[in-house]
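Results of the structural survey
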Amino acid sequence: MELTVNKGLAWLKTINEKIQEKKDYLTDLDQAIGDGDHGINMARGFQEVEKKVEANDYADVSDLLKDAAMTLMSKVGGASGPLFGTAFLKLSMSLKEKDPVDYPSFSTAVGAAAEGIKQRGKAGQGEKTMVDVWVPMAEYLQNAQEFKPDELETKAKSAMEATKEISAKRGRAAYLGDRSIGHLDPGSVSSYYIFAALAETLQERK
């Protein structure tokens, strides 16, 4: 199973569908421990991503993901724009001149994205941020050897759900300290939707 431009387009479209559907839920999560605008920002950003990529033709997956990255950086407000934009930019850079994208190339790219998020957000694992989904997913993909859509979604969900028991160390949620325990991290939930959308896309297009 490989990631082609068409699958990449379907992936981004499915991410947008999930984010639009869960916009209010993401906002509710963020109102509990953050600024309260995560759902609105992410919905605006991925809607613009879908518009952008549908209006262009792409020679390879790298160029597609680069446009997604630049759109997220310019259209998503707050910290999420630079962080999610960095994730997709690192994916794009890692996949340059690789088309279609094979499994080892993609798993390496997710590792690069996870490192990029850590550096951009100055965050580590266990601090209740999107790092807590991207790092475990990078590790999972490096060990899995091949795309397994059902397992991919399950692993992402487990990583996301684990953030509920973490005390926040970064962002506005850090002001709550241990009072943030019991709440899911909104950025991790959005990250879960990204991997769930990938699993769905790969499942449909075997």
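Residues numbered from 1 in each chain as written. Predicted model: local features only at pLDDT ≥ 70, side-chain atom pairs only at ≥ 80, totals over all residues. Heavy atoms only, no water.

Just so we agree on the cut-off: UniProt positions are given in the numbering used here, feature names are shortened, and annotations may be inferred rather than shown by experiment.
In the annotation of an unreviewed UniProt entry, the entry for the protein reads phosphoenolpyruvate--glycerone phosphotransferase, and the organism field reads Sediminibacillus albus. Its UniProt record gives the protein the following Function (unreviewed entry) comment, quoted word for word: "ADP-binding subunit of the dihydroxyacetone kinase, which is responsible for the phosphoenolpyruvate (PEP)-dependent phosphorylation of dihydroxyacetone. DhaL-ADP is converted to DhaL-ATP via a phosphoryl group transfer from DhaM and transmits it to dihydroxyacetone binds to DhaK." Comment text from UniProt for the protein, heading Pathway (unreviewed entry), reads "Polyol metabolism; glycerol degradation."

1. Looking at the pattern of salt bridges
Formally: Here, a salt bridge means any side-chain nitrogen of Lys or Arg that lies within 4 Å of a carboxyl oxygen of Asp or Glu. Secondary structure counts use DSSP, requiring at least four H or I residues in a row for a helix and at least two E residues in a row for a strand, with both numbered from the N terminus. Buried, partly exposed and exposed residues are distinguished by accessible area as a fraction of the type maximum, computed with a 1.4 Å probe on protein chains only: under 20%, between the cut-offs, and over 50%, respectively.
Taken as a whole and assessed by the stated rule, the structure comprises four salt bridges. Where Glu-17 meets Lys-13, a salt bridge forms, and the shortest distance between an N and an O atom there is 2.9 Å. Taken as a pair, Glu-17 and Lys-13 lie in helix α1 (residues 5-21) at a separation of four residues, close to a single helical turn. Note on Glu-17: relative accessible area 40%, which makes it partly exposed. Note that Glu-200 is salt-bridged to Lys-18, the shortest N-O span being 3.0 Å.

2. So, the packing of aromatic side chains
Note the cut-off: Centre distance within 6.5 Å is the pairing criterion for rings of Phe, Tyr and Trp, where only the six-membered ring of Trp is used; planes under 30 degrees apart are then read as stacked, over 60 as edge-to-face, and the remainder as tilted.
Inspection of every chain in the model, using the stated rule, returns seven aromatic pairs. Between Trp-11 and Phe-106 the ring centres are 6.1 Å apart and the planes differ by 70 degrees, which places this aromatic pair in the edge-to-face class. Of the two residues, Trp-11 sits in helix α1 while Phe-106 sits in helix α6 (residues 103-121), which places them 95 residues apart along the sequence. The same class applies to Trp-11 as to Phe-106, namely buried. Pairing Tyr-192 with Tyr-193 gives two aromatic rings, centres 5.6 Å apart and planes at 50 degrees, and the pair type is tilted. The pair formed by Tyr-192 and Tyr-193 is uniform in burial state, with each residue classed as buried. Here the aromatic residues Trp-11, Phe-46, Phe-88, Tyr-103, Phe-106 and Phe-147 are joined through ring pairs into a cluster of three or more.

3. A few points about the packing of helix α7 (residues 131-144) against helix α8 (residues 149-162)
Note the threshold: Here the axes come from fitting lines to C-alpha atoms, over the contacting stretch only for helices, and the angles between their N-to-C directions go from 0 to 180 degrees. Less than a right angle of anticlockwise turn of the near helix away from the far helix marks a crossing as left-handed, whereas a clockwise turn marks it as right-handed. Two residues qualify as a contact provided that any one of their heavy atoms is within 4.5 Å of a heavy atom in the partner residue.
The geometry of α7 relative to α8 is characterised by a closest axis approach of 9 Å and an angle of 145 degrees between their N-to-C directions. Between α7 and α8 the crossing geometry is right-handed. Contact residues: α7 offers Asp-132, Val-133, Pro-136, Met-137, Tyr-140 and Leu-141, while α8 offers Glu-151, Leu-152, Lys-155, Ala-156, Ala-159 and Met-160.

4. Focus: the packing of helix α3 (residues 38-54) against helix α9 (residues 186-204)
Applicable threshold: Roughly parallel here means an angle under 35 degrees, roughly antiparallel means over 145, roughly perpendicular means 65 to 115, and every remaining angle is called oblique. Basically, the charged four are Asp, Glu, Lys and Arg, the nonpolar ten are Ala, Val, Leu, Ile, Met, Phe, Trp, Tyr, Cys and Pro, and anything else, Gly included, counts as polar.
In the contact formed by α3 and α9, the axes pass within 10 Å of each other and the chain directions differ by 30 degrees. Relative to α9, the element α3 is oriented roughly parallel. Like other packed secondary-structure pairs, α3 and α9 cross with a definite hand, here right-handed. Facing α3, whose interface residues are His-38, Met-42 and Phe-46, α9 presents Pro-186, Gly-187, Ser-190 and Ile-194. For the contact of α3 with α9, the per-class residue count stands at four nonpolar, three polar and no charged.

5. Here we look at the side chain of Thr-71
Position of Thr-71 among the secondary structure elements: in helix α4 (residues 61-75). Using a relative accessible area of 9% as the deciding quantity, one classes Thr-71 as buried. With residues up to four places along the chain from it excluded, the contact list for Thr-71 reads Gly-45, Glu-48, Val-49, Lys-52 and Val-76.

6. Considering the nonpolar core
What counts, and what does not: Nonpolar core, defined: a set of buried Ala, Val, Leu, Ile, Met, Phe, Trp, Tyr and Cys residues in which side-chain atoms within 4.5 Å join the residues together.
Formed by 62 residues in total, the largest nonpolar core has its most connected members in Trp-11, Ile-15, Phe-46, Phe-88, Phe-106 and Trp-134. Broken down by element, the residue count for this core peaks at 10 residues, all from α9. Once residues lying within four places of it in the same chain are set aside, the contact partners of Phe-106 are Leu-3, Trp-11, Leu-95, Val-101, Leu-141, Phe-147 and Leu-198.

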